[in-house]
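Reading the structure
The primary structure of each chain is shown beneath.
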Amino acid sequence: RPGPIPGAEMVIESTDTGCEAPDQVDAGLVNVRLFNRGGTLRHVEFIKRDRLTPLAEVRDLVLTNDRNVPWLRALGGPAPASPGGVSSATLVLERGNYVLSCLFAGTPSLRQPFPDGIVKELTVTAGGGPLRPVTLPPAELSMRLFEWNFAVDGPLFAGRRTIKVENAGRLEHNVWIVRLLPGRTPEQAASWVSDPRGAPPFEAVGGTTELEADQSI
């Protein structure tokens, strides 16, 4: 990928007790980097909150995966990063109120207790300049997500790559890009995601968390 991506930089550190992240960021293009300082797979999801509901209520909805509310919008974020790893995503954020969901990817049960810092508030402000239309930067290839399928418009080569992900379906979708460990198979990886017990048979290297319909990252 030639040259840096324009936009603001936002660094999030995920630990065993939640995540450390800024409370405020300027609207527009935001490059997010997630550093996993914990002991399991971690990811971050940006959720736009179109209603000023108490954080405790939003936290309950997020932890029980109850998204049947029109005022919570899933906008994606860095996909799971392996312990000690980094995951990146570039988003276009409008002014407003958001929450960051720093869940443990692959958690067997959402009924277990979670640290308070796992869901955090984020305010996106206008910053110091006038608001202008913002679009995602050019990508090397695009991935379109549908119900039970996806399409990529070209080959994926080794190295650091910029991929645009578009949810062209009607439901929320996400993407995990993983590198299989030696001797492991795609079937074993899929089985672990369905029933995450023990160490995963792969290393997480990229992707995006939940995206609502017609959203891109």
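Since the model is a prediction, treat every value here as computed from it, not as a measurement. (Residues numbered from 1 in each chain as written. Predicted model: local features only at pLDDT ≥ 70, side-chain atom pairs only at ≥ 80, totals over all residues. Heavy atoms only, no water.)

So, on to the overall build of the protein chain. Within the protein chain one finds 2 helices and 14 strands. Put simply, the protein chain has 217 residues, and 40% of those count as buried. With an accessible surface of roughly 11800 Å², the protein chain has 52% of that area assigned to carbon and sulfur atoms. (Helix = DSSP H or I, 4+ residues; strand = E, 2+ residues; numbered from the N terminus. Buried < 20%, exposed > 50% of the residue type's maximum accessible area, 1.4 Å probe, protein only. Areas by Shrake-Rupley, 256 points an atom, 1.4 Å probe, with all protein chains shown as cover.)

This brings us to the environment of Ile 217. Inspection of the secondary structure puts Ile 217 in the segment after β14 (202–211). The sequence separation of Ile 217 and Leu 91 amounts to 126 residues, and the corresponding C-alpha distance is 5.4 Å. Sequence-distant contacts of Ile 217, defined by excluding residues within four places in its chain, comprise Leu 75, Gly 76, Gly 77, Ala 89, Thr 90, Leu 91, Leu 136, Ile 163, Lys 164, Val 165, Thr 208 and Leu 211. (Contact = heavy atoms within 4.5 Å.)

Time to look at the state of the cysteines. Counting across every chain of the model gives 1 disulfide. The disulfide partner of Cys 19 is Cys 102, and the S-S distance across this bridge is 2.1 Å. Residues Cys 19 and Cys 102 are joined through a disulfide that is right-handed, its torsion about the S-S bond being 55°. With Cys 19 in strand β2 (residues 18–20) and Cys 102 in the loop between β8 (96–101) and β9 (119–125), the pair connects residues that are 83 residues apart, well separated along the chain. For the pair formed by Cys 19 and Cys 102, the shared burial category is buried. (Disulfide = S-S within 2.5 Å.)

So, on to the sheet that holds strand β4 (residues 28–36). Read across the sheet, 4 strands follow the order β2-β1-β4-β7 without closing on themselves; strand pairing throughout is mixed. Only two strands of the sheet have a single partner each, and these edge strands are β2 and β7 (86–93). Taken pair by pair, the neighbouring strands of this sheet meet at an average axis angle of 25°, ignoring direction. (Pairing = 2+ DSSP bridges. Axes fitted to C-alpha atoms, helices over the stretch in contact; angles between N-to-C directions.)

Pairing is mixed across the open sheet formed by 3 strands, whose spatial order is β11-β10-β12. Each having just a single partner strand, β11 (149–152) and β12 (163–167) make up the two edges of the open sheet. Neighbour to neighbour, the strand axes of the sheet diverge by 20° on average, direction disregarded. Of the pairings in the sheet, the one linking strand β10 (residues 141–146) to β11 comprises 4 bridges and is antiparallel in character. Bridging from a neighbouring strand, Arg 144 pairs with Ala 151 of β11.

Another aspect to go through is helix α1 (residues 55–63). Among all positions in α1, only Val 58, Arg 59, Leu 61, Val 62 and Leu 63 are buried. Directly beyond the C-terminal end of α1, a positive phi value near 60° is found at Asn 65.

The next thing to look at is the pattern of salt bridges. For the coordinates displayed, the defined rule picks out 9 salt bridges. A salt bridge links Arg 197 to Asp 195; the shortest N-O distance between them is 2.8 Å. Take Arg 197: its relative accessible area is 62%, and that puts it in the exposed class. (Salt bridge = Lys/Arg side-chain N within 4 Å of Asp/Glu carboxyl O.)

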